[in-house]
Amino acid sequence: MINETKKILHDDYILVTATTVRVPVKFSHSISINVEVEKPFEMEDVKKIISDYPAMVLQDDLTNEVYPIPLMAADKNEVFVGRIRRDFTVENGLNLWSCADNIRKGAATNAVQIAEKVLEV
């Protein structure tokens, strides 16, 4: 995913940290995404961008245990994003959790599309 992101964005200097967790589900994958953007951002702006983006579904309510899980992404075309939080290990850092049906949407495509939208902030 790291090399694929650099290749797709034509930027060998972009910093990407990726964690993929494989779990025994028939369909879907989950991705932990860490992003460092150039400018400070507000969490509400990030959530609004994700919720307004076509084919993305914001599921980010930890109090009520609403967050993306692979089972709920199966057989759907949307990308589910949640567990959004600041990454305090870098300046202007952001962590996201994403799930999508791996047959319908590839992991690298998913990560790049989310990163592109976050970078617009």
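Before reading further, recall that the structure is shown in the block above.
This is a predicted model, so every value here is computed, not measured.

## Brief notes about unusual backbone geometry
Item 1. In this structure, E65 is a non-glycine residue whose phi angle is positive, near 55 degrees.
Item 2. Within the fold, E65 resides in the loop between strand 3 (56-58) and helix 3 (70-73).
Item 3. Relative accessible area serves as the criterion here: at 64%, E65 is assigned to the exposed category.
Item 4. Backbone geometry at D75 places phi at a positive 65 degrees, although glycine is not the residue there.
Item 5. Residue D75 is classed as exposed on the basis of its relative accessible area of 54%.

## Description of the environment of I69
Item 1. Along the polypeptide, I69 turns up in the loop between strand 3 and helix 3.
Item 2. Through-space distance from the C-alpha of I69 to that of S28 is 8.8 Å; in sequence the pair is 41 residues apart.

## Focus: the side chain of N92
Item 1. If you trace the backbone, N92 turns up in the loop between strand 4 (79-87) and strand 5 (93-100).
Item 2. Among the polar contacts listed, one links the side chain of N92 to the backbone oxygen of E38, at a separation of 3.4 Å.
Item 3. Not counting residues within four places of it along the chain, the set of residues in contact with N92 comprises V35, E36, V37, E38, K39, P40 and F41.

## Remarks on the packing of aromatic side chains
Item 1. Tallying each qualifying case throughout the model produces zero aromatic pairs.
Item 2. The ring of Y67 carries R83 above its face, with NZ or CZ at 4.9 Å from the centroid.
Item 3. Its end group placed over the ring of F41, R86 keeps NZ or CZ at 4.5 Å from the ring centre.

## Quick notes on the pairing of strand 2 (residues 29-36)
Item 1. Most of strand 2 is tucked away: six of the eight residues are buried.
Item 2. Here strand 2 runs beside strand 5; their pairing, made up of eight bridges, is antiparallel. In the strand pairing of strand 5, S32 is matched with W97.

## Topic: the nonpolar core
Item 1. Core analysis: the largest hydrophobic core is formed by 18 residues, its most contacted members being V81, I84, L94, L96 and I114.
Item 2. Residue contacts for I84: discarding those within four places in its chain leaves M43, V46, K47, I50, L58, D60, L94, N95 and L96.

## Some thoughts on the pattern of salt bridges
Item 1. Within the structure shown, the criterion is met by two salt bridges.
Item 2. Residue D60 is joined to K47 by a salt bridge in which the shortest nitrogen-to-oxygen separation is 2.9 Å. A residue pair is termed long-range when its members are at least 10 positions apart, and D60 in the loop between strand 3 and helix 3 and K47 in helix 2 (residues 43-52) qualify at 13 residues. Of the two residues, D60 and K47, both sit in the buried class.
Item 3. K48 is paired through a salt bridge with D52; the nearest N and O atoms lie 2.5 Å apart. Taken together, the positions of K48 and D52, both in helix 2 and four residues apart, correspond to about one turn of that helix.

Conventions we followed
- Residues numbered from 1 in each chain as written.
- Predicted model: local features only at pLDDT ≥ 70, side-chain atom pairs only at ≥ 80, totals over all residues.
- Heavy atoms only, no water.
- Helix = DSSP H or I, 4+ residues; strand = E, 2+ residues; numbered from the N terminus.
- Buried < 20%, exposed > 50% of the residue type's maximum accessible area, 1.4 Å probe, protein only.
- Polar contact = N/O pair within 3.5 Å; in protein donor to acceptor, adjacent residues only side chain to side chain.
- Contact = heavy atoms within 4.5 Å.
- Phe/Tyr/Trp six-rings, centres within 6.5 Å; stacked < 30°, edge-to-face > 60°.
- Lys NZ or Arg CZ within 6 Å of the ring centre and 35° of its normal.
- Pairing = 2+ DSSP bridges.
- Core = buried A, V, L, I, M, F, W, Y, C linked by side-chain atoms within 4.5 Å.
- Salt bridge = Lys/Arg side-chain N within 4 Å of Asp/Glu carboxyl O.

Function cannot be read off these values alone, since they describe shape.
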